[in-house]
Amino acid sequence: MEQQAAHSAPSPPVPVAIAPGRLQFSNVAAALLGDGLVAAHDQERIRFSAQGARNASEVHPLVLLANLKLAAAPPASGELGLERLTEWLAARTDTRYLRIDPTRVDVAGATAVVSHAYARRHRILPLAVDAERVLVATSEPLARDWVPDLQHLARRRIDVVLVNPLDLHRYSMEFFGVTRSVRGARGDVRGEGNGTLPSFEQLVELGRAGDVNADDHHVVSIVDWLLQYAYEQRASDIHLEPRRDMGRVRFRIDGVLHKVFELPPAVMTAVVSRIKVLGRMDLAERRRPQDGRIKTRSPGGREVEMRLSTMPTAFGEKCVMRIFDPDAAFKSIEQLGFSPEEAAGWNELTTRPHGIVLVTGPTGSGKTTTLYSTLKRLATPDVNVCTVEDPIEMIAPEFNQMQVQANIDLDFAAGVRTLLRQDPDIIMIGEIRDLETAQMAVQAALTGHLVLSTLHTNDAPSAITRLLDLGVPHYLIASTVNGVLAQRLVRTLCPHCKRADVPDDVDWAPLRDADEALPDAIHACAPVGCLECRRTGYMGRVGLYELLPLGPTLRARITADMDLAGFHRAARGEGLRTLRRAGLEKVAAGLTTIEEVLSVLPPTE
C-alpha cells in the first residue's frame, strides 16, 4: 500500500538549465516548469504554447508567458505577471533585479553611452554613468557579448541588471527620443549664443544669438513628453528653471521637488515659449510675469487642467505648471483623510442654510481641494453654487465660477457684490484678504447665504482673531461664523516597504500635550524606501484636520479684545481636536511618522 502511494505521488520538479545567448521561449518555459512555479492546471498550456512558439519571435519570452496569465503554484498565490517573472529570471540567472525609476535616470548622460540602434539590437539601456562604472539594464541576462565592447568604449566597469522587458523597450524609446529631440532643437539654433531672452549674463551676446522655434517638432515632442512624464509620476507641479549653463526640470511629487531632466538654455527658452503658446499667453512679452491655463488629457484619458505662471529671472523666463487632476481635486471627504467624527462635523457645518465656514492653513495645505470636494457634494440640481476665485483652479460644470481681474477692478469684494445679485444659495470666496471682502462675506451670510472661504492662519481659533484684525466687528463674527477648519498635508508611509516599530521605542513626547493620553490602538511604523516610493519611504499624502464648530459658549467669548490663549483653552474644553492630536492619531495608525507631522505643525507657544 505504501509503495503504491509512493508510486502515485507526483514527482518533484526537475530544474532545467537555460541555454546561454538570446532567450528562447521553449527554453524559458521549460525552466519555469522545472522550477515548479506554475500551477498544475496551467502546465499543459505552457507546453502547448512552447510547441507552437517560434524561437525567432521578436516578442520577449517573458512577455509571452505573462500574456498567458498563468497561476502560481502553491504555496504562492496570484498570477505570474511580468514583474514576478522578471524577478524569477533574475534569481535564476544570478543577475541583479531592478525596477526602473525614470526620475533617477540621468537621461542625457545615459543615452550618450551608446546609440539607440546599438541599444535596441542588444536589448540594453544605460541607466547611470559615474567615474568608475556604467549601470546597464538588459532583458537578456545570458546574452552579454556586448559587455567587452562597451567596457572598452566607456573605459569603466559595466554593471548589468535585469529589468522588465516592456519597461526596457518603453524607456529606451522615451529616453533616446527626448534626447534626439533636444539634439535636434539645439541644431536649429543659429549662431553661437544661448537665445535672445534678455538675461543679465547674455546681454553681450545678443547680436550673435538665435531662437529655437517654439513650433519646431523637436520642441513639441519635448513638451509632450514632459507632460506625459509628469502625469505618470503623480507630479503636482512642473518647474522649468533656466540656468547659465544648463536649465533644469523639476517635478513636485508628494510635496517634495525632484530633479528629472536638464535642458540647454536655448532649448529651455523654446520649451517655455511652446508652453506659453499652449496657454494663450503673450509670447513677445518676456519682461513681465504672466498667467495662463492649459487643458489636456492624461495618458489614461482623463481631462487635466494646468495653471501656468511665468516670471523673469537672471537667466530667462522661469515657468511653473500646477497640475489639477480632477481625480485628486474632487475626492470624497473620507478619501481626504477625515475621521468619521470629523466628516460628520464638517458635513453638519456645510449643510446649514446660512453662515460662514472658513478653511485655514498655509499655501499647499489642501484648502482648495477640501472646498472643491465639499462644493461638489453640495452642488445638487436644486441649488445655485457660485464662486469667485483668483485664479479659477479647476473648471467644474456644477458651479458658476467667476475669475478675479484686478485690471478692471473686479476684486473679491466686487465679485461677491455681483454674486449676491445672482440669486445664489452657496457662495465660495477664494480668499478673504481684506476688510471689504470680509464685510461682503458677512453681508452674504446675514442675508441668508452659506459662504465658504479660506484664510491664512496657523490654527482654527486664530481665524477669529484674524477677522478681528481685519476690522470685522466682534458681534458680526459671533453671529455669522459657523465654524473653522484648519488643515495640513503630511506624506503617508509607503505601504510596500514601511517597517513596524515597537511602540515602546517610539518617543511620543513631541506630539503629546501634558493632559493627553495615547490612542488605544498603536501601529507606529517607520519609513524604509523601495522602488515604488523612489527610495523616499513615503507615497501619497493625507490631511490633518482641526475642526472648530462655534457653539454658544465660544460665541460668547468673541469680544473686541479677545484673549486668543483663553479662547483656545475654551475650545479644547468644548472638545476641539487639535492638529497635534490629529497628527498623533495618524502616527499611531501607522500612516505617517512623528517627524513628518512635526514638519507641518504650527509652532507651539
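No experiment lies behind these values; they were computed from the predicted model shown.

### A closer look at the overall build of the protein
Inference 1: What the protein contains, in helices and strands, is 22 helices and 19 strands.
Inference 2: Expressed as a percentage of the 605 residues in the protein, the buried residues total 52%.
Inference 3: In the protein, the share of contacts with a sequence separation of at least 24, taken over all contacts with a separation of at least 6, comes to 64%.
Inference 4: For the protein, the exposed area adds up to about 28800 Å²; of that, 51% sits on carbon and sulfur atoms.

### A word on the packing of helix α15 (residues 412-419) against helix α16 (residues 435-446)
Inference 1: It is the contact of α15 with α16, at a shortest axis distance of 8 Å, that shows an interaxial angle of 20°. Of the possible angle classes, the one that applies to α15 and α16 is roughly parallel. Here α15 and α16 pass one another in a crossing that is left-handed. In this structure, α15 uses F412, A413, V416 and R417 to contact α16, whose residues at the interface are E436, T437 and M440.
Inference 2: Considering only residue class, the contact of α15 with α16 consists of four nonpolar, one polar and two charged.

### Considerations on the nonpolar core
Inference 1: Counting 63 residues, the largest nonpolar core has L240, V249, F251 and V271 as its most contacted members.
Inference 2: Ranked by residues supplied to this core, first place goes to helix α10 (residues 217-232) with nine residues.
Inference 3: Taken domain by domain, this core gets at least three of its residues from each of domain 2 (102-172) and domain 3 (196-327).
Inference 4: Among the nonpolar cores identified, the runner-up in size contains 60 residues, and A413, V472, A478 and L548 belong to it.

### Some thoughts on the pairing of strand β5 (residues 237-241)
Inference 1: Within β5, five of the five residues are buried, which leaves it mostly tucked inside the rest of the structure.
Inference 2: Strand direction decides the pairing type here: β5 and strand β6 (residues 247-253), joined by five bridges, are antiparallel. Directly across from I238, in β6, lies its bridge partner F251.
Inference 3: From the end of β5 to the start of β6, which pair antiparallel, there are five residues.

### Considering the confidence of the model for the protein
Inference 1: Per-residue confidence for the protein gives a mean pLDDT of 84, with 88% of residues at or over 70.
Inference 2: Here helix α1 (residues 2-8) stands out as the element of the protein with the lowest mean pLDDT, 44, in contrast to strand β11 (residues 355-360), whose mean of 97 is the highest.
Inference 3: Across residues 1-10, confidence stays below pLDDT 50; counting only partners more than four residues off in sequence or on other chains, it has zero contacts.
Inference 4: For the stretch residues 190-211, pLDDT sits under 50, and the model shows 41 contacts to residues farther than four places along the chain or on other chains.

### Some thoughts on the pattern of salt bridges
If charged atoms from side chains of opposite charge come close, those side chains can pair.
Inference 1: Scanning the entire structure with this criterion turns up 26 salt bridges.
Inference 2: The closest approach of N and O atoms between E317 and K276, which form a salt bridge, is 3.0 Å. With E317 in strand β10 (residues 316-324) and K276 in helix α11 (residues 265-278), the pair connects residues that are 41 residues apart, well separated along the chain. Accessibility classification places E317 together with K276 in one group, the buried group.

### Describing the packing of helix α2 (residues 25-34) against helix α5 (residues 82-92)
Inference 1: α5 packs onto α2 with a crossing angle of 85° between their chain directions and a minimal axis gap of 12 Å. With respect to their mutual orientation, α2 and α5 come out roughly perpendicular. Note on element contacts: α5 touches α2 through L85, W88 and R92, opposite V28, A31 and L32.
Inference 2: Of the residues in the contact of α2 with α5, the class split is five nonpolar, no polar and one charged.

### Quick word on the sheet that holds β5
Think of a sheet as strands paired side by side through backbone hydrogen bonds, with each pair either parallel or antiparallel.
Inference 1: Taken in spatial order, the six strands make up an open sheet running β7-β6-β5-β10-β9-β8, and their pairing is antiparallel. Every interior strand has two partners, whereas the edge strands, β7 (256-263) and β8 (290-297), have only one. Taken over all neighbouring pairs, the strand axes of this sheet differ in orientation by 20° on average, direction set aside.
Inference 2: Alignment of strand β9 (residues 303-313) against β10, held across nine bridges, turns out to be antiparallel. Directly across from M306, in β10, lies its bridge partner I323.

### Observations concerning the UniProt feature "domain: Bacterial type II secretion system protein E" (unreviewed entry) in the protein
Inference 1: The UniProt record annotates "domain: Bacterial type II secretion system protein E" (unreviewed entry) at residues 420-434.
Inference 2: Helix makes up 0% of residues 420-434 and strand 27%, with an end-to-end C-alpha separation of 18 Å.

### As for unusual backbone geometry
Inference 1: The residue R234 is not glycine, and still its phi comes out positive at about 60°.
Inference 2: For R234, the position within the fold is in the loop between α10 and β5.
Inference 3: R234 gets classed as partly exposed once you look at its relative accessible area, which sits at 38%.
Inference 4: One non-glycine residue, R280, lies in the positive phi region at around 55°.
Inference 5: Structurally, R280 is set in the loop between α11 and β8.

Conventions used here
- Residues numbered from 1 in each chain as written.
- Predicted model: local features only at pLDDT ≥ 70, side-chain atom pairs only at ≥ 80, totals over all residues.
- Heavy atoms only, no water.
- Helix = DSSP H or I, 4+ residues; strand = E, 2+ residues; numbered from the N terminus.
- Buried < 20%, exposed > 50% of the residue type's maximum accessible area, 1.4 Å probe, protein only.
- Contact = heavy atoms within 4.5 Å.
- Areas by Shrake-Rupley, 256 points an atom, 1.4 Å probe, with all protein chains shown as cover.
- Axes fitted to C-alpha atoms, helices over the stretch in contact; angles between N-to-C directions.
- Parallel < 35°, antiparallel > 145°, perpendicular 65-115°, else oblique.
- Left-handed = near helix turned anticlockwise from the far one by under 90°.
- Nonpolar A, V, L, I, M, F, W, Y, C, P; charged D, E, K, R; others polar.
- Core = buried A, V, L, I, M, F, W, Y, C linked by side-chain atoms within 4.5 Å.
- Domains from an automatic or database assignment.
- Pairing = 2+ DSSP bridges.
- pLDDT = per-residue confidence, 0-100.
- Salt bridge = Lys/Arg side-chain N within 4 Å of Asp/Glu carboxyl O.
- UniProt positions renumbered as here; feature names shortened; annotations may be inferred.

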